[in-house]
Amino acid sequence: MSVAGGRMRDVETLSLAQARRVALAAQQVHRPRPDGPVSARRALAAVQRLGLLQIDSVNVLARAHLLPLYSRLGPYDVGILDRASGRAPRRLVETWAHVASFVPVETYPLLEWRRRAYLSEAWGVIRGTPLDHSAELEDVRQMIAERGPLTASQIHDELEAAGRATPRSRDEWGWNWTVAKRCLEYLFFTGEVMSARRNAAFERCYDLPERVLPPAVRAAEPVPDDVAVRALLEHGARAHGVGTPRCFRDYFRLKGPAARQALADLVDDGTLVPVRVQGWDEPTYRHRDAALPRRATGQALLSPFDPVVWERRRLEALFDVFYRIEIYVPAPRRVLGYYVLPFLEDDAITAFVDLKADRRAGVLRVQAAHATAHAGPATAGRLAAELRLLAGWLGLGETAVGPVGDLAPALSGEVAAAA
């Protein structure tokens, strides 16, 4: 029994298979993708449903934020996202959400508390910028105000020319940022500047919020912190359908007493319903609007940055597979490959494929293909069909399967048979 709103009630029990179907339905990957062209309205509705699109600089296959919509909608015009985030009136903007993400403009005010709380929410290189680079920070503010939008490279070059920054090291990698980039990332995290668009090199073009946000968003009343955190946690729960408090918090990277109170409030008002999932020991909840389809019949390749696979412990608990991204693992120690996508087949993860878009040769390269314990006789054929569709969307004329992985021979045969 559980207590909600002062009433005792029985706790619903879900089998693991039912919990999987709830989770897949919440993410809209439980059924075949719709046929026909993907309109801007449909694409942006899918973003609203997901809540955000994670951004990552790795482009070995396609930009991370592009793939979740492809997984749910099939081939679509990526210019829809460029226009929605790079032209007025913007429907999507960048901010720190799960991590760096595109979010609907309506979500941006819900994250103001995080921008204000940068001392506890941001990491050291950002937190220390006002003390370490106060003069340069003022220079950057002035440049953006007077001539934005500008990239970090443009601002660095001006600071260097003025003798206020050291030359850029050609050995820089990862978080080894220039002073200009540090200042801009501080201003971006705190909301003093925003990304007006991305250029052809996928660099942010920074500008003032009043030149990026739609007027209605700028004019909206501030959202109280507790209301904002509750809304974000509720969105994480809705997007997951069923899960633990950790799952729901992770969606927007919420933590601390505010997240705990938001969870208690959502349980108390019945938005989150306590459930038991067979085999799970942690407290678990279902969003009251979550659907439980009778079966799952979809299939999709999922990006390493797809919300279905973000929380690796959740993925393992739901699908009985072990998966870690190995981009930063030295090549000899990789198990599955560099940029590995799980393959969702009905309600199971049946394969992992390491993919690379060889744009110069016009080839989608399957560098490794591994079957999971849940693969079946149809897995290689269904995966081959998905790879053909993906290659076409990426503008690649051929799919080539390498020899690595226990699924590679069967997959290679299916790809060759369809060629």
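Residues numbered from 1 in each chain as written. Predicted model: local features only at pLDDT ≥ 70, side-chain atom pairs only at ≥ 80, totals over all residues. Heavy atoms only, no water.

Asker: Please explain helix α11 (residues 179-190) as it appears in this structure.
Answerer: Every α-helix carries 3.6 residues per turn, so stepping three or four residues along brings you back to the same face. Spanning twelve residues, α11 covers 17 Å between terminal C-alpha atoms, matching the ideal 16 Å at 1.5 Å per step. Downstream of α11 by a residue or two, Gly191 has a phi angle that is positive, lying close to 90°. (Helix = DSSP H or I, 4+ residues; strand = E, 2+ residues; numbered from the N terminus. Expected span 1.5 Å × (residues − 1).)

Asker: How should I be thinking about the sheet that holds strand β10 (residues 272-277) in this particular structure?
Answerer: Each strand in a sheet pairs with its neighbour through backbone hydrogen bonds, running either in the same direction (parallel) or in the opposite one (antiparallel). Taken in spatial order, the four strands line up as β3-β10-β11-β9 in an open sheet, and their pairing is mixed. Here the strands that pair on one side only, and so sit at the sheet edges, are β3 (12-14) and β9 (242-243). The pairing of β9 with strand β11 (residues 284-287) spans two bridges and is antiparallel. Across the sheet, Gly243 pairs through a bridge with Tyr285, a residue of β11. On top of the sheet, helix α15 (residues 256-268) reaches β10 and β11; it is set at about 95° to β10, its chief contact. (Pairing = 2+ DSSP bridges. Contact = heavy atoms within 4.5 Å. Axes fitted to C-alpha atoms, helices over the stretch in contact; angles between N-to-C directions.)

Asker: For this particular structure, what's the right way to read the sheet that holds strand β12 (residues 299-301)?
Answerer: Overall, mixed pairing links the five strands, which are arranged β12-β13-β14-β15-β16 in an open sheet. In this open sheet, the two edge strands, each paired with only one partner strand, are β12 and β16 (398-401). Adjacent strand axes in the sheet meet at a mean angle of 25°, parallel and antiparallel pairs treated alike. Most of the contacts of helix α17 (residues 379-393) go to β12, to which it runs at about 60°, and overall it touches β12, β13 (340-345), β14 (348-358), β15 (363-371) and β16.

Asker: When you look at the domain arrangement of the chain in this model, what are you seeing that I'm missing?
Answerer: It is common to give the size of an interface as the accessible area that goes away when the parts come together. Once the domains are mapped, the chain shows domain 1 (113-219) and domain 2 (320-417). Relative to domain 2, the C-alpha centre of domain 1 lies at a distance of 38 Å. (Domains from an automatic or database assignment.)

Asker: What is the right way to read the packing of aromatic side chains from this model?
Answerer: Where two aromatic rings form a pair, the distance of their centres and the angle of their planes describe that pair. Applying the stated criterion across every chain yields a total of eleven aromatic pairs. With 4.8 Å between their ring centres and 70° between their planes, Trp96 and Trp123 make a pair best called edge-to-face. In this pair, Trp96 is assigned in strand β5 (residues 92-96) and Trp123 in the loop between α6 (118-121) and α7 (124-127), connecting sequence segments 27 residues apart. Considering the side-chain rings of Trp123 and Trp177, the 6.5 Å spacing of their centres and the 55° angle between planes classify their relative orientation as tilted. You can see Trp123 sitting in the loop between α6 and α7 and its partner Trp177 sitting in the loop between α10 (152-161) and α11, a full 54 residues away along the chain. (Phe/Tyr/Trp six-rings, centres within 6.5 Å; stacked < 30°, edge-to-face > 60°.)

Asker: Could you clarify how one ought to interpret the packing of α17 against helix α18 (residues 408-418) in this entry?
Answerer: Helix packing geometry: the angle between the two helix axes and the distance between the axes. Two numbers describe how α17 lies on α18: the axes approach to 9 Å, and their chain directions differ by 55°. The orientation of α17 with respect to α18, classified from their angle, is oblique. In this structure, α17 crosses over α18, and the sense of that crossing is right-handed. Along the contact surface, α17 presents Ala380, Gly381, Leu383, Ala384, Leu387 and Arg388, while α18 presents Ala410, Leu411, Glu414, Val415 and Ala418. (Parallel < 35°, antiparallel > 145°, perpendicular 65-115°, else oblique. Left-handed = near helix turned anticlockwise from the far one by under 90°.)

Asker: Where do I start with the nonpolar core in this structure?
Answerer: Proteins that are soluble and globular tend to have nonpolar side chains buried together. Ranked by size, the top nonpolar core spans 84 residues in total, and within it Leu61, Leu69, Leu301, Tyr339, Leu355, Leu383 and Leu411 carry the most contacts. The residues that make up this core include at least three from each of domain 1 (113-219) and domain 2 (320-417). Not counting residues up to four positions away in its chain, the partners in contact with Leu411 are Val366, Ala369, Ala380, Leu383, Ala384, Leu387 and Val401. (Core = buried A, V, L, I, M, F, W, Y, C linked by side-chain atoms within 4.5 Å. Buried < 20%, exposed > 50% of the residue type's maximum accessible area, 1.4 Å probe, protein only.)

Asker: Looking at this model, I keep getting lost on the packing of helix α1 (residues 16-26) against helix α13 (residues 225-240). Mind explaining?
Answerer: Packing of α1 against α13 brings their axes to within 6 Å, and their N-to-C directions diverge by 115°. Here α13 runs roughly perpendicular to α1, going by the angle between their axes. Judged by residue contacts, Val22, Ala23 and Ala26 of α1 engage Arg238, Ala239 and His240 from α13. Its residues placed into classes, the contact of α1 with α13 shows four nonpolar, one polar and one charged. (Nonpolar A, V, L, I, M, F, W, Y, C, P; charged D, E, K, R; others polar.)

Asker: Please explain the side chain of Asp250 as it appears in this structure.
Answerer: Residue placement: Asp250 occurs in helix α14 (residues 245-251). For Asp250, a relative accessible area of 16% corresponds to the buried category. Ignoring anything within four residues of it in the chain, the contact list for Asp250 reads His98, Trp310 and Glu311.

Asker: Whenever I open this one, the side chain of His133 confuses me. Can you help?
Answerer: Along the chain, the position of His133 falls in the loop between α8 (129-132) and α9 (134-147). Classification of His133 as buried rests on a relative accessible area of 14%. Apart from residues lying up to four places away in sequence, His133 is in contact with Val179, Arg182 and Cys183.

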